[in-house]
Amino acid sequence: MECGSATKPSKSFSNISEIVSRFARVCRFRSVGVFSSENPGHNRHDYCPSDGDAVMGEDCSDATEEAERDAEKIHPQPVEGFSGIGECVSGNAEILKLFDTVSDLKLAYIQLQQAHIPYDPEKIKAANELVVAEVEALCKIKRSYKEKKHLAKSKLGSSHSQFIRVKEKLLEQLKSQATAKDSEIISLRRQLEDLDLQNEELTYKVERRCLEGGKVVVFNQPSFQDAFNASSKAIHDFAKPLISFLRVSGWNLDLAANSIEEDAVVYSKRSHKKYAFEAYIARRMFHGISIQSSNFGYGAGFDDPVGALIENPNSGFAEFCRSKYLLVVHPKMEASFFGNLDHRMLVTMGKHPRTPFYEAFVKMANCVWILLGIATSVKPKPEIFRVNRGSEFSEVYMSCVEEGEKEATGGFDEGQTKLKVEFMVMPGFRIGDTLIKSRVYLSKMRS
């Protein structure tokens, strides 16, 4: 400045000091929240200099507005809609630290301004370093806040991911356990089936050794009943492919079933005509059989009856299969089934073809042969009895082949309804005082 105007700078310096002092008070009041919402009409420019201080009026206004903007940005005031935030964060040390750092920054900035009036390089440097230190402290607080926020999100995401991984691992374990249990069930079922087959094979081997050794074995009713049931089931199983071949070959199954009996049979269901074909097969298989005068032996192996026939074509079992096949399968049937009589010709020549149809027949014949072989070893000798058509049903000698046997035989008064035998499906046996019931098909006739 020029020397001639020495009196004016003195007044200006006095005004500037007053402005800086007022600016400091504004910043300090803002930092501790002096301006409350209770005084909304308060003029923010009350601390600007009066008209007498017009020399620095503009600078005062700018400095005051800048201080107010800083205060509004970093310190929550009620006018910004954050009333009550102090109660929420009163115990938060980090928020308090943030406010203290902001206040310290304001004071450092004021010191920097005061160092310019009067101009003092040392004070300016010291104040500038203080401002930089406070700004770095704010940056450090900001970075710490972001890191903690990111860490919280990471922990939450990691917790959820870990929970999902645990559940997925548990799910995989449960699936593995379920698969292992299924495999174990399948394995146990196969073992059970193998054991059943082995038991059957051992049973037949014991029976065969007893018969081949000439030993007299007295069978009780359950053992003979089992052989009877096996034969009945084998005849039922062979009737299925026989009916299928008849149907495919164009036979009229209704006429074929009716031709088995001379008079028309009253069937409760059309599907029951299958019993007529079973009766036809059983009638042929037991035709001409006399247990008293015949000696039946176990002539076929359990695993491969056809193989046993081929190995020993002159055995009693081979002769039994030959005669019964020619009797059960009529030439017209075979011709319609296969278009030729090759099976019949081979069987007549003492050979046994390996075809599915003939193998099914031999399997059925094997069961009947075993039943007859056991019957010859029983003491006293069994007697076969048959039931004539039209006979009155007797629960002592007969059993009904229908699935609803109880419904067929029960629920009727004796004086009102009588059950009549339409035809016999399987003959019965008498062993001393023990009876193996004959299997019959019934009809209901009202008296």
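Use the structure listed above.
Note that the structure is predicted; figures quoted are calculated from it, not measured. (Residues numbered from 1 in each chain as written. Predicted model: local features only at pLDDT ≥ 70, side-chain atom pairs only at ≥ 80, totals over all residues. Heavy atoms only, no water.)

### What about the overall build of the protein?
- Along the backbone of the protein there are 14 helices and six strands.
- Looking at the 447 residues of the protein, the share that counts as buried comes to 33%.
- When contacts within the protein are restricted to residue pairs at least 6 apart in sequence, those whose partners lie at least 24 apart make up 72%.
- Accessible surface, the protein: about 27,700 Å² in total, of which carbon and sulfur atoms supply 53%. (Helix = DSSP H or I, 4+ residues; strand = E, 2+ residues; numbered from the N terminus. Buried < 20%, exposed > 50% of the residue type's maximum accessible area, 1.4 Å probe, protein only. Contact = heavy atoms within 4.5 Å. Areas by Shrake-Rupley, 256 points an atom, 1.4 Å probe, with all protein chains shown as cover.)

### Notes on the packing of aromatic side chains
- Here the structure, examined in full by the defined rule, presents 20 aromatic pairs.
- Measuring from ring centre to ring centre gives 5.8 Å for Phe238 and Phe361, while their planes differ by 65 degrees; the resulting arrangement is edge-to-face. Of this pair, Phe238 sits in helix α6 (residues 221-248) while Phe361 sits in helix α13 (residues 356-377), placing them 123 residues apart in sequence.
- Ring geometry for Tyr358 and Phe361: centres 6.1 Å apart, planes at 35 degrees, overall tilted. You can see Tyr358 and its partner Phe361 sitting in helix α13, three residues apart, about one turn around the helix. We note that Tyr358, like Phe361, is buried.
- Taken together, the ring pairs in this structure connect Phe238, Phe245, Tyr325, Phe337, Phe338, Phe357, Tyr358 and Phe361 into an aromatic cluster. (Phe/Tyr/Trp six-rings, centres within 6.5 Å; stacked < 30°, edge-to-face > 60°.)

### Comments concerning helix α7 (residues 253-260)
- Buried within α7 we find Leu253, Ala256, Ala257 and Ile260. Each buried residue of α7 sits inside an arc of 95 degrees when the element is viewed along its axis, so together they form one side. For α7, exposure combined with an orientation more than 90 degrees from the buried face picks out Leu255 and Ser259. (Arc of directions from axis to C-beta.)

### Observations regarding the packing of α7 against helix α8 (residues 274-285)
- At a closest axis distance of 9 Å, the pairing of α7 and α8 adopts a crossing angle of 45 degrees. When the interaxial angle is binned, α7 and α8 end up oblique. Judged by the sense of rotation from one axis to the other, the crossing of α7 with α8 is left-handed. For the pair α7 and α8, contact is made by Leu253, Ala256, Ala257 and Ile260 and by Ala276, Phe277, Tyr280 and Arg283, respectively.
- Partitioned by chemical class, the residues of the contact of α7 with α8 number seven nonpolar, no polar and one charged. (Axes fitted to C-alpha atoms, helices over the stretch in contact; angles between N-to-C directions. Parallel < 35°, antiparallel > 145°, perpendicular 65-115°, else oblique. Left-handed = near helix turned anticlockwise from the far one by under 90°. Nonpolar A, V, L, I, M, F, W, Y, C, P; charged D, E, K, R; others polar.)

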